[in-house]
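Residue-level structural notes
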Amino acid sequence: MQNSSSSPVVSITQEAIDPCLIFECGQAFRFNKVSRDTYFGVVEGRVLFVRKTKEGMDLYPVMRRDMEFWREYFDLGSSYRKIIRSFPKKSVLKEAVREFPGLRLLNQPPFETLITFIISANNNIKRIKGIVEKLCAAAGQPIEQEKGSASFHFRRRKRWPI
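Now for a quick tour of the structure. (Residues numbered from 1 in each chain as written. Predicted model: local features only at pLDDT ≥ 70, side-chain atom pairs only at ≥ 80, totals over all residues. Heavy atoms only, no water.)

**Here we look at a nonpolar patch on the surface**
Among the surface-exposed residues, Leu114, Phe117 and Ile118 lie close enough to one another that they form a single nonpolar patch of about 340 Å² accessible area. Within the fold, Leu114 resides in helix 5 (residues 110–119). (Patch = residues over 30% accessible without salt bridge, like charges linked within 9 Å, V, L, I, M, F, W, Y side chains within 5 Å. Areas by Shrake-Rupley, 256 points an atom, 1.4 Å probe, with all protein chains shown as cover. Salt bridge = Lys/Arg side-chain N within 4 Å of Asp/Glu carboxyl O. Helix = DSSP H or I, 4+ residues; strand = E, 2+ residues; numbered from the N terminus.)

Here it is in structure tokens:
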């Protein structure tokens, strides 16, 4: 992760990484495409735009205090090349990696992952995203945004009005 002190943009170029594969594969439902190459999402009350670049992807705005959070969320401490080399030559995993280079596993908040997994039963990705957004709007706290559209924090388990 590279971040200059004057800019809240972080460029990720270390390994193959593709936000389209990451956010559209069905593992996370809080990131939505806002333009051809950019996604917007909220994780643990942190607002993030992710833009695909030729070299990898840019994250913004990223405050210095949140750099470790995003590093963990996107699993940037793991060497996927090393992990992939450990797969048997003729395996389904090797084929999957060849087919979808740039896909990474996200380290999502456990409670949010549990709830979205439950919601995902007999639903498609578009419908799951809509349900999760409505749930956050009903029970979450609003997050200030520059662009004017409303976003909501996915509440922690202890704060649900149940």
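Here the narrative resumes.
**Observations concerning the pattern of salt bridges**
Tallied over the entire structure, the rule returns six salt bridges. The residue Arg104 makes a salt bridge to Glu15 at a minimum N-O spacing of 3.7 Å. Placement of Arg104 in the loop between helix 4 (92–99) and helix 5 and of Glu15 in the loop between strand 2 (10–12) and helix 1 (19–24) is noted, with a sequence separation of 89 residues between them. As a salt-bridge pair, Glu133 and Arg30 come within 3.0 Å of each other at their nearest N and O atoms. You can see Glu133 sitting in helix 6 (residues 125–139) and its partner Arg30 sitting in the loop between helix 1 and strand 3 (31–35), a full 103 residues away along the chain.

**Quick word on the packing of aromatic side chains**
Summed over all chains, the structure comprises eleven aromatic pairs. When the ring of Phe69 is compared with that of Tyr73, the centres are 6.3 Å apart and the planes differ by 15°; the resulting orientation is stacked. Taken as a pair, Phe69 and Tyr73 lie in helix 2 (residues 67–73) at a separation of four residues, close to a single helical turn. Cluster of aromatic residues (ring-pair linked, three or more members): Phe23, Phe31, Tyr39, Phe69, Trp70, Tyr73 and Phe74. Over the ring of Phe69 we find Arg46; its NZ or CZ atom is 3.8 Å from the centre of that ring. The positively charged end of Arg104 is found above the aromatic ring belonging to Tyr80, 3.8 Å away from the centroid. (Phe/Tyr/Trp six-rings, centres within 6.5 Å; stacked < 30°, edge-to-face > 60°. Lys NZ or Arg CZ within 6 Å of the ring centre and 35° of its normal.)

**Details of the side chain of Glu112**
With respect to the helices and strands, Glu112 occurs in helix 5. One buried charged residue, Glu112, remains without a salt bridge, the closest side chain of opposite sign being Arg30 at 4.2 Å. Residue contacts for Glu112: discarding those within four places in its chain leaves Arg30 and Phe154. (Buried < 20%, exposed > 50% of the residue type's maximum accessible area, 1.4 Å probe, protein only. Lys, Arg positive; Asp, Glu negative; His and termini not counted. Contact = heavy atoms within 4.5 Å.)

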